[in-house]
Amino acid sequence: MNGFSEYDMYLFGNGRHYEIYKKLGAHYDESDGRKGVRFGVWAPHARRVWVTGAFADWQAQDAYEMKRLEPLGIYELFVPNLENGEMYKYLIETSGGAYIYKADPYASYAELRPGTSSRVFDSSSYKWTDTKWMNKRKKLEDSKDIPMAIYEVHPASWKRHFKEEEGIEGMYTYRELAASLCDYVKEMGYTHVELMGISEYPFDGSWGYQVTGYYAPTSRYGTPEDFKYFVDTMHKHGIGVILDWVPAHFPKDEAGLREFDGEPLYEHPDPRMGEHPDWGTKIFNYGKNEVCNFLMGSALNWVEEFHVDGLRVDAVASMLYLDYGKSDGQWVANKYGENKNLEAVEFFKHLNTLVLGRNPGTYMIAEESTAWPMITGDAMDGGLNFSYKWNMGWMHDFLDYMKLDPILRKGSHHKMTFGMSYNESEDYILVLSHDEVVHLKCSMLNKMPGFKTDKFKNLKAGYAFMLGHPGKMLLFMGQDFGQEREWAEDRELDWYLLDDPEHADLQAFVKGLLSIYKKFPCLYTNERNWNAFEWINANDADRSIFSFVRKSPTGKKNLLFVINFTPVERDDYRVGVPKKGKYKLIYTQDMQLNETLKDSKEHTYEAVLSECDGREYSIAYPLKGYGVAVFQYN
């Protein structure tokens, strides 16, 4: 590997050392014919730095003092004869003469919490078996015209098992998760999994959003090699892997990044720029090249070293706005007197262009909750160059509507149609994420009005509407079978509910929706184009019925959706259709998966010359209460 060179220094100082994680951190190497580990750390404000661990009795010893390299304040040392998994920290003497112990910011592995040490680990010998997947990913001409139905998972609470030797519930390891989660995702028909909380973090209750190890898969579930096995297994079975990634802030844990070398280094030194008062966390200094390089290296590490297919970037709005979550006097305006964080904007343009340019077929996804323009726009045109934006506006409107008693829905009819008024502005993912089923917000099923049977019918109608609406899709674990309790990170989902026929029926219904989604290109291609979507009747507020079509780019296998959001049956229902011809009913609220796409004359309707919804032709169909009807036509 060799040590940190002048050229490395030049690149890092300019924020362009995209494989910095191969230089800083702990890496097996050879020196003077001896095998060992080369350590490197950036600590420009430090007087002296040592590598310490059990091999040094956790003390400062001359043999383990690191050499300072100028001009950036990189410290480096080769230590022979260290075992894989050896724990270590950096002991730093600050400019004020204090001594502090710090975990390695570039560590690839960490001690299991509550311990905070870093660990030496080499997973470079792992033999990947996902060549077919990776080659296919590289060849994607337009990665946006493929089906993307995402299953969001918190690994520690998806499933657990009883460990008799410990007498406690045990989290699944990466390897156990690979087997069970892969089977479930394939059976249901999801195309991707999105994992919460993989980058190392100290506190379980943060769900992985207060990160201390930006290069390390959390040791809760195993080693970095185990995590590679997880991704590898998913890819072998045709499942993409997306990770949550948190460049917006970091916690104040003593062993972490806060005042890493005794002074603000990764965070902005001005507390008005460097702290989130609401979250109690530190904000990265996006104006410092080395800090941006640290974050970009982390993103590339996950994508290139761990073969991850995309990163969902958390809390983007908090990075873009200088006054996010702050009162007057708690923030500083930019040079134009505005609240835009110009340095964060440039960081995103650089990051997204870099990751996507080096890795065709991957995704950078923004969790962004405001109307900031061109989140998915091209960086050359002033956009941020994300692949997708979570459609938080659609999510809030959808849930506000779905929670209403059906008799009141006609007054909020516009909430279900408003999303199409701005659909062309960005590339969207429709999300019903973990944030919507926690902190007294109720589970998705219990948000629905009415008695238990009504709740299931409402949720079926809602999921069918989500399927038909333009945008990729994301469901959080448990939502597909009607989890009743709110999600909690310290227990598994209530899988026993699937013994109840209503829960099993809901799961089968969602499975059917996902089957239709992948079989019909009209549902996942050309999603920003109005030519691919058309309202039949967007204004039937009094009856709370929505009808619309999704059109295929080939003109074949188009779909007509009719969804009734009240319990009132409409035996005489008639809907306008785009043209004359046959309309085959392929899915309803009562169908099971094995009934979908059947070629049955019983479910075929001939359009007649009878004006309805402003259309020359129409079909008559008895629409049930909370009825869902999906028709195929050419």
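Residues numbered from 1 in each chain as written. Predicted model: local features only at pLDDT ≥ 70, side-chain atom pairs only at ≥ 80, totals over all residues. Heavy atoms only, no water.

Chemist: I tried to follow the overall build of the protein on my own but got confused; where do I start?
Modeler: Counting its regular elements, the protein contains 14 helices and 31 strands. The C-alpha radius of gyration computed for the protein amounts to 27 Å, which stays within 12% of the reference 26 Å derived for 634 residues, consistent with globular compactness. Its C-alpha atoms give the protein principal-axis dimensions of roughly 90 × 60 × 45 Å. Residue burial in the protein is summarised as follows: out of 634 residues, 60% are buried. (Helix = DSSP H or I, 4+ residues; strand = E, 2+ residues; numbered from the N terminus. Rg over C-alpha atoms; globule rule 2.2 N^0.38 Å. Buried < 20%, exposed > 50% of the residue type's maximum accessible area, 1.4 Å probe, protein only.)

Chemist: For this particular structure, what's the right way to read the nonpolar core?
Modeler: For soluble globular proteins, nonpolar side chains are generally found buried alongside one another. Core analysis: the largest hydrophobic core is formed by 180 residues, its most contacted members being Phe39, Leu181, Phe227, Phe230 and Tyr266. Here this core takes nine residues from helix H7 (residues 289–305), the largest share from any one element. Formed by 19 residues, the second largest nonpolar core is a distinct cluster that contains Tyr573, Tyr605, Tyr617 and Leu623. (Core = buried A, V, L, I, M, F, W, Y, C linked by side-chain atoms within 4.5 Å.)

Chemist: What am I meant to see in helix H4 (residues 174–188) here?
Modeler: Spacing of three or four residues puts side chains on the same side of an α-helix, whose turn is 3.6 residues. Taking 1.5 Å of rise per residue, 15 residues should cover 21 Å, and H4 covers 20 Å from first to last C-alpha, within 8% of that figure. For H4, the complete set of buried residues consists of Tyr174, Leu177, Ala178, Ser180, Leu181, Cys182, Tyr184, Val185 and Met188. As for H4, its buried residues are in contact with strand E9 (149–153), helix H3 (155–158), strand E12 (192–195), strand E14 (213–217), helix H5 (224–236) and helix H14 (501–519). Immediately downstream of H4, the backbone of glycine 189 shows phi near 105°, a positive value. (Expected span 1.5 Å × (residues − 1). Contact = heavy atoms within 4.5 Å.)

Chemist: Looking at this structure, I do not really get helix H9 (residues 342–358). What am I missing?
Modeler: Counted at 1.5 Å a residue, the expected span for H9 with its 17 residues is 24 Å, and the 24 Å between its end C-alpha atoms agrees. Here H9 has its buried residues at Ala344, Val345, Phe347, Phe348, Lys349, Leu351, Asn352, Leu354 and Val355. Residues of H9 that are buried sit in contact with strand E15 (240–245), H7, strand E18 (310–313), helix H8 (316–320) and strand E19 (363–366).

Chemist: What am I meant to see in the side chain of aspartate 130 here?
Modeler: Relative to the assigned elements, aspartate 130 resides in the loop between strand E8 (118–119) and helix H2 (131–138). No salt bridge is formed by the buried aspartate 130, whose closest oppositely charged neighbour, arginine 137, lies at an N-O distance of 6.9 Å. For aspartate 130, the side chain forms a polar contact with the side chain of histidine 307, separated by 2.9 Å. In contact with aspartate 130, other than residues within four places in its own chain, are Asp232, His235 and His307. (Lys, Arg positive; Asp, Glu negative; His and termini not counted. Salt bridge = Lys/Arg side-chain N within 4 Å of Asp/Glu carboxyl O. Polar contact = N/O pair within 3.5 Å; in protein donor to acceptor, adjacent residues only side chain to side chain.)

Chemist: What exactly am I supposed to notice about unusual backbone geometry here?
Modeler: Glycine aside, residues mostly have negative phi, and peptide bonds are mostly found in the trans state. Here the bond from glutamate 70 into proline 71 is cis, since omega is 15°, no more than 30 degrees from zero. Summarising the element assignment, proline 71 is placed in the loop between strand E4 (67–69) and strand E5 (74–80). With an omega of 10°, the peptide bond between arginine 113 and proline 114 qualifies as cis. Within the secondary structure layout, proline 114 lies in the loop between strand E7 (99–102) and E8.

Chemist: Explanation requested: the sheet that holds strand E2 (residues 34–42) in the structure shown.
Modeler: Paired through their backbone hydrogen bonds, the strands of a sheet run either parallel or antiparallel. Spatially, four strands are ordered E1-E2-E5-E4 in an open sheet, and the strand pairing comes out antiparallel. The open sheet has two edge strands with one neighbour each: strand E1 (25–31) and E4. Neighbour to neighbour, the strand axes of the sheet diverge by 30° on average, direction disregarded. By the bridge criterion, three bridges tie E4 to E5 in an arrangement that is antiparallel. In the sheet register, leucine 69 faces E5, and the bridge partner there is isoleucine 74. (Pairing = 2+ DSSP bridges. Axes fitted to C-alpha atoms, helices over the stretch in contact; angles between N-to-C directions.)

Chemist: Would you explain the sheet that holds strand E26 (residues 574–577) in this entry?
Modeler: Taken in spatial order, the three strands make up an open sheet running E26-E30-E29, and their pairing is antiparallel. Lying at the two open borders of the sheet, with one neighbouring strand each, are E26 and strand E29 (608–612). Neighbour to neighbour, the strand axes of the sheet diverge by 60° on average, direction disregarded. Relative to strand E30 (residues 615–620), E29 runs antiparallel, the two being bridged by three bridges. The residue bridging valine 608 from the neighbouring strand is serine 618, located in E30.

Chemist: Sorry, what's going on with the pattern of salt bridges here?
Modeler: Scanning the entire structure with this criterion turns up 38 salt bridges. Among the salt bridges present, the one from glutamate 346 reaches lysine 349, with a minimum N-O distance of 3.7 Å. Taken together, the residues span about one helical turn, with glutamate 346 and lysine 349 both in helix H9 at a distance of three residues. Among the residues examined, lysine 349 registers a relative accessible area of 19% and is labelled buried. Put simply, lysine 624 and aspartate 590 hold a salt bridge, and the shortest N to O gap is 3.0 Å. Here lysine 624 is found in the loop between E30 and strand E31 (628–633), whereas its partner aspartate 590 is found in the loop between strand E27 (582–588) and strand E28 (604–606), with 34 residues between them in sequence. One salt-bridge network, in which partners are shared between bridges, spans Glu19, Lys22, Glu304, Glu305 and Arg358.

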